[in-house]
Amino acid sequence: MRAFDLQAALRPALRGMTGYSPIAPPEEVAARYGIPVERIVKLDANENPYGPSPRAVEAVRALTGANRYPDPDQRAIRTALGARHGIDPDCIVAGAGSDEIIDLLFRAFVSPGDRVVVASPTFGMYAFDGELQGAEVVDVPLRDDWSFDADALVEAASTARLVCIPSPNNPTGNLLPRDLAEAIAATGALLVVDEAYIEFAHAESLASAAADGQSIVVLRTFSKWGGLAGLRIGYGIMPRELARTLMLVKQPYGVNVAAEAAALASLEDVALLDERACTLAGERERMAEALRGLGWLEPAPSEANFTLVRLLRSDGVTVREALRRRGIFVRTFDHARLANHVRISAGRPEDTERLIAALKEIEEEL
């Protein structure tokens, strides 16, 4: 009998794949350092420290019908999102986080050997999905000041299938200029603009341009603004024909009923969630000023709910570990240009105070 050969059967693109590096669960990291979970200051995943809207919490508590499958056509959530953005609901596709929409776009449009353009340092899921599909991932690195290399991006886009850029960018926090977005979309590539952090920015969304038929997909999520990261719900706004195609090829029940109920309730509590987003943006600025005042940290300007901080002393891993020993979690990256950086999410004022106090202690150790 012939034995199954896993490596031979595996698609060539998946052999030797490195995979995506997610954040470890806080309970696991806390246990490793012997710290009670309730003492953790979690500033490593850009989550919303204020949690979901109270209406969202109540909607999940009151949930009925969990024994029934959700609506595969997503009528309620697409209608509500259409009203929020003032666009046709037929231009919207919801998913289990915006990650599902990214995955759908790659599966629908990217074949082995196709080019996918990114601008590093950036969110790792685009390269991850590119690897899954056997694509050639073309990197157009950000400049030293983290701005986009516009000419190089447009040139790379002219031979690409997809161009994937967050705005604000993760982890640098800067925005994609609108004229550059339009220039990329005009090349014939499909521009995927990930607006996961747009609610914390002083910027206009590209959602209307996407719905109006430009070669743009705008990704949005309830994870950050809505505080629903654990329920996994996001969506894409795109030209109607493209949305129709994704609705055809998606798994039928990607958005579970609890996530949908929480998202619909969140859309009834926009004023509160917007106020919290403003609070976090203000705390981001207060935190950046305090970090800069320590003299050995340089926070980059940011339009997201985090700031990327360059360390003038030591390296990212050393500082991350010193903070973890004090119960404060921040993010480092396996990227050569970020070896002496940490990314710190905006938290509550008391979280900032603990962070600054800890960094003062660490400075004396370095």
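This structure is a prediction, so every number in the text was calculated from the model and none was measured.

We now examine the state of the cysteines. Per the stated rule, a full pass over the model turns up zero disulfides. Unpaired in this structure, C91 has its nearest cysteine sulfur neighbour in C164, at a distance of 20 Å.

This next bit is on the sheet that holds strand β8 (residues 234–237). Here we have seven strands laid out as an open sheet, ordered β2-β8-β7-β6-β5-β3-β4, and mixed in their pairing. Among the strands making up the open sheet, the edge pair consists of β2 (92–95) and β4 (136–139). This sheet shows a mean twist of 20° between the axes of neighbouring strands, independent of strand direction. Pairing analysis gives four bridges linking strand β7 (residues 216–221) to β8, with the strands arranged antiparallel. The residue bridging R220 from the neighbouring strand is Y235, located in β8. Packing of helix α4 (residues 75–85) onto the sheet brings it into contact with β2, β7 and β8, and relative to β2 it is tilted by some 125°. Sitting on the sheet, helix α10 (residues 240–249) is in contact with β2, β6 (190–194) and β7, with an inclination near 35° to β2.

Another point: the environment of V317. When you line up the elements, V317 lands in helix α13 (residues 316–324). Along the chain, V317 and Q251 lie 66 residues apart, while their C-alpha atoms are 39 Å from each other.

This part is about the packing of helix α5 (residues 98–109) against helix α6 (residues 125–133). Their axes nearest at 10 Å, the elements α5 and α6 cross at an angle of 35°. Of the two possible hands of crossing, α5 and α6 adopt the one that is right-handed. For the pair α5 and α6, the contacting residues are D99, I102, D103, F106 and R107 in the first and M125, Y126, D129, G130 and Q133 in the second.

Nonpolar side chains tend to gather and get buried jointly when the protein is soluble and globular. Ranked by internal contacts, the top residues of the largest apolar core, which has 59 residues, are L153, F222 and I237. For I237, the residues in contact, after removing those within four places along its chain, are H85, I87, C91, I92, A207, A210, A211, I216, V217 and V218.

By secondary structure assignment, the location of N48 is in the loop between β1 (41–42) and α3 (54–61). Within the structure, the side chain of N48 is placed 3.0 Å from the backbone oxygen of K224, a separation counted as a polar contact. Contacts of N48, omitting those with residues within four sequence positions, involve K224, W225, G227 and L280.

Before going further, it helps to examine the side chain of R343. The residue R343 is located in strand β12 (residues 341–345) in this model. At a separation of 3.5 Å, a polar atom in the side chain of R343 contacts the side chain of N46. At a separation of 2.9 Å, a polar atom in the side chain of R343 contacts the side chain of N170. Apart from residues lying up to four places away in sequence, R343 is in contact with L43, D44, A45, N46, N170, P171, F306, T307, L308, V330, R331 and F333.

Once that is clear, we can look at the pattern of salt bridges. On inspection of all chains with the given rule, the structure shows 27 salt bridges. Among the salt bridges present, the one from E182 reaches R178, with a minimum N-O distance of 3.4 Å. You can see E182 and its partner R178 sitting in helix α8 (residues 178–185), four residues apart, about one turn around the helix. Note on R178: relative accessible area 34%, which makes it partly exposed. In the salt-bridge network here, residues are joined through shared partners; they are K42, D44 and E47.

Calculation criteria
Residue indices begin from 1 for each chain and proceed along its sequence in written order. The model is predicted, so local features are restricted to residues of pLDDT at least 70 and side-chain atom pairs to those at 80 or more, both for listing and for counting; the totals for chains, interfaces and linings are taken over all residues. Working from all heavy atoms in the structure, the side-chain values ignore hydrogens and water. By disulfide we mean two sulfur atoms from cysteines, separated by a distance within 2.5 Å. Strands qualify as paired when DSSP identifies two bridges or more between them. Secondary structure elements follow DSSP: runs of H or I of four or more residues count as helices, runs of E of two or more count as strands, with numbering from the N terminus. Helix axes are fitted only over the stretch in contact, all axes being lines through C-alpha atoms; the angle between N-to-C directions runs from 0 to 180 degrees. The contact criterion used is simple: two residues touch if any of their non-hydrogen atoms lie within 4.5 Å. For a crossing to be left-handed, the near helix must be turned anticlockwise from the far one by less than a right angle; the clockwise case is right-handed. By convention a nonpolar core is built from buried Ala, Val, Leu, Ile, Met, Phe, Trp, Tyr and Cys residues, the set being connected through side-chain atoms within 4.5 Å. Relative accessibility thresholds used throughout: buried, under 20% of the residue-type maximum; exposed, over 50%; partly exposed, between the two (1.4 Å probe, protein chains only). Polar contact is defined as a pair of N or O atoms within 3.5 Å, subject to the rule that within protein one atom must be able to donate a hydrogen and the other to accept it, and that residues adjacent in sequence are counted only when both atoms are side-chain atoms. Criterion for a salt bridge: a side-chain nitrogen of Lys or Arg within 4 Å of a carboxyl oxygen of Asp or Glu.

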